[in-house]
Amino acid sequence: MTDFAYAVDGDGVATITWDVPGKSMNVMSMAGYGELEGLIDRALGDAGVKGVILTSGKKDFAGGMDLNVIARMKEGGAEALFAGVMAIHALLRKIERAGMDPKTLKGGKPIVAAMPGTGVGIGYEIPLACHRIIAADNPKAKIGLPEIQVGIFPGAGGTTRLIRKLGAMVAAPFLLEGKLSDPKSAKANGLIDEVVAPEALLTRAKEWVLAATDADLVKPWDAKGYKMPGGNPYHPAGYMTFVGANAMVMGKTMGVYPAARALMQAVYEGALVPFDVALKIETRNFVSVLMNPSSTAMIRSLFINKEALEKGANRPAAPDQTVRKVGVIGAGMMGAGIAYVSALAGIEVVLIDATQEAADRGKAHSSDLLDKGIQRRAMTLDKKAEVLGRINATTDYAALSGVDLIVEAVFEDPSVKAEVIAKVEAAVGPECIFASNTSTLPITGLATSSKRPDQFIGVHFFSPVDRMALVEIIKGAQTGDRAVAKALDFVRQIRKTPIVVNDARYFYANRCILPYTNEGIRMVSEGVSPVLVENAAKMVGMPVGPLQLTDEISIDLGIKIAKATKAALGNAYPDDDVDAVIFALAEKGRMGRKAKAGFYAYDAAGKREGLWEGLGQMWPVAEDQPDLVTVQHRLLMSQVLEAVRALEEGVLTDIREGDVGAILGWGFAPWSGGPFAWLDIIGATKAVEICDGLEATHGVRYAAPALLRDLAAKGEGFYDRFGGGRKSAA
Ligand code: NAD
């Protein structure tokens, strides 16, 4: 079986069709490169061939490099990796030069990329080396270089070519943010050359091949007198671009993402030298990023393991549980969002609230989000009507007839939930699965109100539902396999990423987030500068500092959770010092962002202005401040140790879920690959040493868990012992 087919027509135009057997999307493998090179050689060496069309046999062009292959390529070490990437450059350079005379730049054969749909990563880097890129007008197609999002950067010439094609300023969002474009915007932005009707793709490509002149084949950077658009770094305009771009990268990433820095270095140094040297510089930086443990961890969590979880790595063997009609009870902030993502995924929705007005308000949320989509041109009026048509907003439980899944999102009050469970069970069929979106109430307890506890489960969404990718599925003590399968199939339908955890106080995500916000607040009470607290968090890659996060969650919710936890733990409650701070703020009416007053000050429109100056009077900043790293260790360890304890206790059963869930659920330092990946990066021995130091100064909450000590003693890492889906020992 081969990945590419080759045919030459009567006019001497060769078509190389990429069509990897058994896959819905073409991905590049090392063997694939070899094959493609063989076919390019064949076309260039055949006097009867005038030019080449490179296209795909699938609806899309290609999804990129198989990141599993990258993960394997690294095993050979940096030198082998460097050689491998340089071989890819040689192939792409061969396509670009297409047999032309290197001096006169004449006599080459035109090679055109004809893209029927999506082309990302290497699936766009190969077209970039062709002489023309023609894409079918397929609004669903995505074109671009998303590598930065998994911790690497475009390393098969994409960086060097795009910078030279568009200039640093225009290319920046495509390289630094991994921004993808549909074919029309890709054409408007200069990423591709032409957009044609899908049925005209190959005829137009052939027409171009047959009409191409020698000059059409010469890339600007190979032509004499080439100047980079916007100027190179020695040019005054180019210089300013680089100053600005570097500042932007550092501002956005705080320097913790090796890929963003390496990309900037490749671009800057590459812009000063001839093209082929620039490719070498790109490769050197690319290899250094690939060899960095952060990129290994990011690829593993954000690509390999995320995909495995989405494909049902932890789905019990139950028959297909695709949801056809869902009942969402409670049309507030969460219920409205859950109704929206469900209807968008083609599921019929019955959205119930206590009053018709509240139900309608919940449905209006979908309407607002769809309007925003229309403004962004990602949605049409027809599609909007279709999606809204799927949502039946009502107060009538009889409308639940025929639903196969309930998602309950009413007030966080056990008695309200119990009442709703009874009403729902009287209205739905015996097969219906009941999922509660509770964020704090144990599922096993809620299930005691159900007549069918085996069909009762937790499905914990994050706010805002339309934007947050994670759904935490919680198994109660009696939850059965079909309920788990149903929840997982639902999450797949709405295109989110699931993790499955066992029932325990605050499940997994909130269990780890609360110690993080608490630790930040505790430091304020100790006299640590709030500025230091917030910046330390961001400089270690947390998207939001603990004090800002507390404002976002709201201080009254924090108080509610604190009171409930204290009631449950009694004398063992460890957070009185934290409570002293939030209770004092609450007394002043500073309830967080929604009150436009919290740890931060806000303007009249609710825009965050900066840390509230009054904090200094309430909790004077001590003269002696801890060093940055200590603050960072406190903030990270407070989360990470909870993750380890959740694993020890069997709340988490798969560290892949712990890492993916942490990044997608609360933004845990994505550069690290997640809490377990971070512990593996620093090593268990070092981690225990940090814990011992923190425990001595700050108390028992930093005591190293037995599992961590055991790994340290045996010189193992979490992924050595629990990787690849191996279950925890708990
Ligand atoms: P909300 O107050 O915005 O919405 C609750 C809705 O439920 C209201 O519209 C209310 O009218 C309705 N309701 C109350 N009693 C009802 C009844 N008997 N029958 C029908 N409808 C009823 O609250 P929310 O923030 O959407 O939270 C809902 C649930 O989701 C809670 O369990 C909460 O803990 C959980 N949750 C919230 C978040 C969050 O960030 N807000 C995140 C995850 C989970």
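Everything discussed here concerns the structure shown above.
Predicted model, so just to flag it, every value in this text is computed and none were measured. (Residues numbered from 1 in each chain as written. Predicted model: local features only at pLDDT ≥ 70, side-chain atom pairs only at ≥ 80, totals over all residues. Heavy atoms only, no water.)

Looking only at helices and strands, the protein has 30 helices and 21 strands in total. Over its C-alpha atoms the protein spans a radius of gyration of 28 Å, differing by no more than 12% from the 27 Å that the globule rule assigns to 730 residues. For the protein, the spread of C-alpha atoms along the three principal axes comes to 85 × 65 × 55 Å. For the protein, the residues scored as buried account for 56% of the 730 residues in total. Put simply, 72% of the contacts in the protein that link residues at least 6 apart link residues at least 24 apart. Accessible area of the protein: about 29,800 Å², with a carbon and sulfur share of 55%. Charge-centre separation for the protein: the mean point of 80 positive side chains lies 4 Å from the mean point of 84 negative side chains. (Helix = DSSP H or I, 4+ residues; strand = E, 2+ residues; numbered from the N terminus. Rg over C-alpha atoms; globule rule 2.2 N^0.38 Å. Buried < 20%, exposed > 50% of the residue type's maximum accessible area, 1.4 Å probe, protein only. Contact = heavy atoms within 4.5 Å. Areas by Shrake-Rupley, 256 points an atom, 1.4 Å probe, with all protein chains shown as cover. Lys, Arg positive; Asp, Glu negative; His and termini not counted. Charge placed at Lys NZ, Arg CZ, Asp CG, Glu CD.)

On to the packing of aromatic side chains, then. Within a pair of aromatic rings, the relevant descriptors are the distance that separates the centres and the angle that separates the planes. Throughout the structure, instances matching the rule amount to 10 aromatic pairs. Seen from their ring centres, Phe461 and Phe490 are 6.5 Å apart, and the 75° between their planes marks the pair as edge-to-face. Of this pair, Phe461 sits in strand 17 (residues 456-461) while Phe490 sits in helix 18 (residues 481-493), placing them 29 residues apart in sequence. By the burial criterion, Phe461 is buried, and Phe490 matches it. Residues Tyr508 and Trp666 carry aromatic rings whose centres are separated by 5.7 Å and whose planes lie at 65° to one another, so their mutual orientation is edge-to-face. In this pair, Tyr508 is assigned in the loop between strand 19 (497-502) and helix 19 (509-526) and Trp666 in helix 26 (residues 655-666), connecting sequence segments 158 residues apart. Relative accessible area serves as the criterion here: at 0%, Tyr508 is assigned to the buried category. Look at Trp666 and you get buried, because its relative accessible area is 9%. Three or more aromatic residues link up through ring pairs in this structure, and these residues are Phe4, Trp18 and Phe61. Note that Arg505 overlies the ring of Tyr506, its terminal NZ or CZ placed 5.4 Å from the centroid. One residue, Arg590, lies across the ring of Trp612, its end atom 3.8 Å from the ring centre. (Phe/Tyr/Trp six-rings, centres within 6.5 Å; stacked < 30°, edge-to-face > 60°. Lys NZ or Arg CZ within 6 Å of the ring centre and 35° of its normal.)

All right, on to the sheet that holds strand 2 (residues 13-18) then. Pairing is mixed across the open sheet formed by six strands, whose spatial order is 1-2-4-6-8-11. Edge positions in the sheet fall to strand 1 (4-8) and strand 11 (194-196), since each has one partner strand and no second. The average angle at which neighbouring strand axes cross in this sheet is 20°, direction not considered. Taken strand by strand, helix 1 (residues 30-45) contacts strand 1, strand 2, strand 4 (51-56) and strand 6 (111-115), and its axis lies near 10° from that of strand 1. Against the sheet, helix 8 (residues 201-211) engages strand 2, strand 4, strand 6, strand 8 (132-136) and strand 11, with an angle of about 165° to strand 8. (Pairing = 2+ DSSP bridges. Axes fitted to C-alpha atoms, helices over the stretch in contact; angles between N-to-C directions.)

A separate point is the nonpolar core. The tendency in soluble globular proteins is for nonpolar side chains to be buried as a group. Leu162, Leu400, Tyr508, Met637, Phe676, Leu708 and Phe718 are the most contacted members of the largest nonpolar core, which has 178 residues in total. Not counting the four nearest positions on each side in its chain, Met637 is found in contact with Trp678, Leu679, Ile682, Ala687, Ile690, Cys691, Leu694 and Tyr702. In this structure, Ala331, Val349, Val387 and Val407 belong to the second largest nonpolar core, which totals 38 residues. (Core = buried A, V, L, I, M, F, W, Y, C linked by side-chain atoms within 4.5 Å.)

Neighbouring the ligand are 21 residues, the closest being Met334, Asp353, Glu412, Lys417 and Ser439. For the ligand, an oxygen atom lies 2.6 Å from a polar atom in the side chain of Asp353. Asn437 is positioned such that a nitrogen or oxygen atom in its side chain is 3.0 Å from an oxygen atom of the ligand. Counting residues per element, the ones that place at least two in the shell around the ligand are helix 13 (333-344), helix 16 (414-427) and strand 17. (Near = heavy atom within 4 Å. Polar contact = N/O pair within 3.5 Å; in protein donor to acceptor, adjacent residues only side chain to side chain.)

Turning to the layout of surface pockets, a few remarks are in order. There is about 590 Å³ of room inside the second largest pocket. In terms of lining, the second largest pocket is formed by 20 residues, of which the most central are Ile148, Leu176, Lys252, Thr253 and Tyr257. Secondary-structure elements contributing two or more residues to the lining of the second largest pocket are helix 9 (236-253), helix 10 (258-270) and helix 12 (293-310). Among the elements that line the lining of the second largest pocket, the one with the most residues is helix 9, at five residues. Across the lining of the second largest pocket, the residue classes break down as 13 nonpolar, four polar and three charged. In terms of domain composition, the lining of the second largest pocket takes at least three residues from each of domain 1 (4-297) and domain 3 (504-730). (1 Å grid on protein atoms, 1.4 Å probe; cavity = no way out; pocket = protein on both sides within 12 Å on 5 of 7 lines; lining within 4 Å. Points joined across faces, edges and corners; volume = space filled by probe spheres on them. Nonpolar A, V, L, I, M, F, W, Y, C, P; charged D, E, K, R; others polar. Domains from an automatic or database assignment.)

Take it as geometry only, folks, not as evidence of what the structure does.
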